[in-house]
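Tertiary structure, described
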Amino acid sequence: MAHHHTGSVVAPPKLQIPKNFYIACGAAAAIGFLSFGVGLVAVDPARAWKAYLIGLFFFTIMAMSGPWLVACLNLTRGGWAVTVRRIPGSFWAAFLPLGVLAMIFALGGVSHVYEWAHVEYHDALVIKKLSLLNQPFFIASTVIGYSAIGGFGFLMSRNSYKQDETGDGNLYRKNLVLSAPFLILMSLGLTLLSVHYVMSLQPHWFSTMWTVNIWITGVQAGLALMCIIAVWLSRKGSLRPFINENHIHDLGKLLFTATAFWAYIAFCQFLLMWYANLPEEAIFWNTRMSWDDPMSNPWTIITAIMPFAKWVIPFFLLLPRVTKRGRFLIPISIWILFFSVYEVWWWIAPAPVPNVGHGTGHGSGVGEAVAHHGPPALELPWLELLVWFGFAGVFAASIAWALSRWNIIPIKDPRLEESMHFHQ
Amino acid sequence: MLTDHTGSGGMFALFTHQGEILDAAAKARDKKFERWDVFTPYPIHGMDDAMGLGRSWIPWVTFTAAMVGLCSALALQIGTMTIDWPMNIGGKPFLPWPSFMPITFELTVLIGGLTTVAVMFLAGGLPNLRPKIVHPQITTDKFALYISADDPQFDAVATREFLESLDPLTVEEVRFDR
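A brief structural summary. (Residues numbered from 1 in each chain as written. Chains lettered and ligands numbered in written order. Predicted model: local features only at pLDDT ≥ 70, side-chain atom pairs only at ≥ 80, totals over all residues. Heavy atoms only, no water.)

**Let's talk about helix H5 (residues 156-165) of chain B**
Residue and element names in this part refer to chain B. Restricting attention to buried positions, one finds in H5 the residues Thr159, Phe162 and Leu163. Considered in projection along H5, the buried side chains sweep an arc of 95° and stay on one side of the axis. Away from the buried face of H5 by more than 90 degrees, exposed residues Val157, Glu161 and Ser165 are located. In this fold, the buried residues of H5 make contact with strand E1 (10-15), helix H1 (18-30), strand E3 (143-148) and strand E4 (170-174). Once H5 ends, the next one or two residues include Asp167, with phi positive near 60°. (Buried < 20%, exposed > 50% of the residue type's maximum accessible area, 1.4 Å probe, protein only. Helix = DSSP H or I, 4+ residues; strand = E, 2+ residues; numbered from the N terminus. Arc of directions from axis to C-beta. Contact = heavy atoms within 4.5 Å.)

Below is the structure:
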């Protein structure tokens, strides 16, 4: 272990993404955004924009986990992960298209989805929040959030890409300097995005744990995707000297940690709101479940599935050593990804929308919609799913491009040798 | 581990490189010795496989103790708050399971963690204030493969022959002073 010959490592060939993959991504994007257009015109603009928001927000928080993990690995000098670091290191590429799509939402979707955008629905509590809840601020938080997370993610990855050519050890030091302020900026940017994009769907409601909940959901989904890509890469003969089952195991352990931490945060948030039972806090839960008469709200069953699907089942599946070290990780990760989308749908779909024009929105638009108009309807989320595929196509094409454009292994990283010999 | 718990002596071979000790350990494993150990100045990656150690049984102790903690926390709270003396607190149900969760979580972690530490001490023979050290250099720059005289296959001649065949620096007999 005392000898480091990083210059002597032979670079594996760059990743080849078949043309059909990009064609499939393009087809998914076309179907998704055509469905969105159809929904906008023929179904219900509010529902179509909410479906758009579900896809946009899911892929935004999942993409956020990439730069976040890269920054953490830089700051902790995580030598073990060097050979798999280009996987989260490719997620920055999704921020450019997602940022454009978010700007479209900020300009076109806000008035369809958020009741605070309608002066006729303002009550005393919403009026107090108007300095935050207004469209210019919404646009500003979009710009700040997407450029902070995606921009720093790009800068950190670019230094790593440069190192592939120059072998300059100082680039690693530059990334340390970028990583620390990035984590602070990312937290602030994600707070702005989570408050504006999702928390303000029910503008009376607030939770100081909301950003943490959103962050860990994104990290859990992102790690699940990283596990799938890492297992797939480790099967390639050319990468066998670089990615072994111990790297997969540690990514699996991080996924396990994220699963446990999600349960901790989600339950803490629920417990405090359930215990205090303040109307403006409990409104989030009263929209999504009924404690006394479970059958009166169709969303009760959707809510009740969450702790089992997102924690109990993946927790016990990931607990044994063997499931974290190889192919079992793929079905478990797909399960987690599915229920991360489910959670984002659960955040956004049941929230009341402003009842503008001919829309068939669920509530009157006033914060107390549930109290006055009964629980939100539970509709088969066909439109949401189709629009989600549109965002999936954009996201998959972006990271596939970044993974294949540069080396899949940071070939001159000072810790590459250490990572290649990673054991337990 | 630096110690010999049996106190009955045995034989060890001394090596200078970690590659040698890994090969030697793999050969001792294939000879199916039962009471033997490897002493190294630092942890060596791959030694578990070379010695054929398999998986530790400690996680099962942790899991069982954690389940005991979970059940006792629930029994304590449901017994006192729901069955023995039901109390109306803030209009919540008499079985307010969400408010039981923090204590349930804490006792699960506490009993699981403390039991694991205690069992690790027991399993490792700790605390051991007077460790018997096979050779002083195993804490600095040498690697030792030690076979206890308690091993069923131990034989003063055959075991020495086996250790010599590993091409070590020296092979020495161990006699512990009581």
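**Let's talk about the interface of chain B and chain A**
Each partner contributes to the interface: chain B provides 15 residues, whereas chain A provides 14 residues. The largest share of the area that chain B buries against chain A comes from His45, Lys92 and Pro98 of chain B, three residues that together contribute 43% of it. Inspection of the region where chain B meets chain A yields 0 salt bridges. Across the chain B-chain A interface, the total number found is 2 residue pairs in polar contact (both at pLDDT 80 or more). Of the residues forming the side of chain B that touches chain A, the biggest block, 6 residues, is contributed by helix H4 (residues 97-123) of chain B. When the residues that make up the side of chain B that touches chain A are grouped by side-chain class, the tally is 9 nonpolar, 4 polar and 2 charged. (Buried area = accessible area lost by both parts, 1.4 Å probe. Salt bridge = Lys/Arg side-chain N within 4 Å of Asp/Glu carboxyl O. Polar contact = N/O pair within 3.5 Å; in protein donor to acceptor, adjacent residues only side chain to side chain. Nonpolar A, V, L, I, M, F, W, Y, C, P; charged D, E, K, R; others polar.)

**Notes on the packing of helix H2 (residues 45-75) of chain A against helix H7 (residues 170-198) of chain A**
Residue and element names in this part refer to chain A. Put simply, H2 and H7 touch, their axes get as near as 9 Å, and they point 160° apart. With respect to their mutual orientation, H2 and H7 come out roughly antiparallel. Here H2 and H7 pass one another in a crossing that is left-handed. Where H2 approaches H7, its residues Leu53, Leu56, Phe57, Thr60, Ile61, Met64, Pro67, Trp68, Ala71, Cys72, Asn74 and Leu75 are matched on the opposing element by Asn175, Leu176, Ser179, Ala180, Phe182, Leu183, Met186, Leu190, Leu193, Ser194, Tyr197 and Val198. Here the residues of the contact of H2 with H7 are counted per class, giving 19 nonpolar, 5 polar and no charged. (Axes fitted to C-alpha atoms, helices over the stretch in contact; angles between N-to-C directions. Parallel < 35°, antiparallel > 145°, perpendicular 65-115°, else oblique. Left-handed = near helix turned anticlockwise from the far one by under 90°.)

**Things to note about the sheet that holds strand E2 (residues 36-39) of chain B**
For sheets, the rule is that strands pair by backbone hydrogen bonds, running either parallel or antiparallel. Residue and element names in this part refer to chain B. Strand order in the open sheet formed by 4 strands is E2-E3-E1-E4, with antiparallel pairing between adjacent strands. The sheet is open, and its two edges are formed by E2 and E4, each paired on a single side. Strand-to-strand twist of the sheet, defined as the mean angle between neighbouring strand axes without regard to direction, takes the value 20°. As defined by bridge partners, E1 adjoins E4 across 5 bridges and the pair is classed as antiparallel. (Pairing = 2+ DSSP bridges.)

**Looking at the environment of Val344 of chain A**
All names here are of chain A. One can find Val344 in helix H12 (residues 329-348). You can call Val344 buried: its relative accessible area is 0%. Filtering out sequence-adjacent residues up to four positions away, Val344 remains in contact with Ile54, Phe58 and Ile61.

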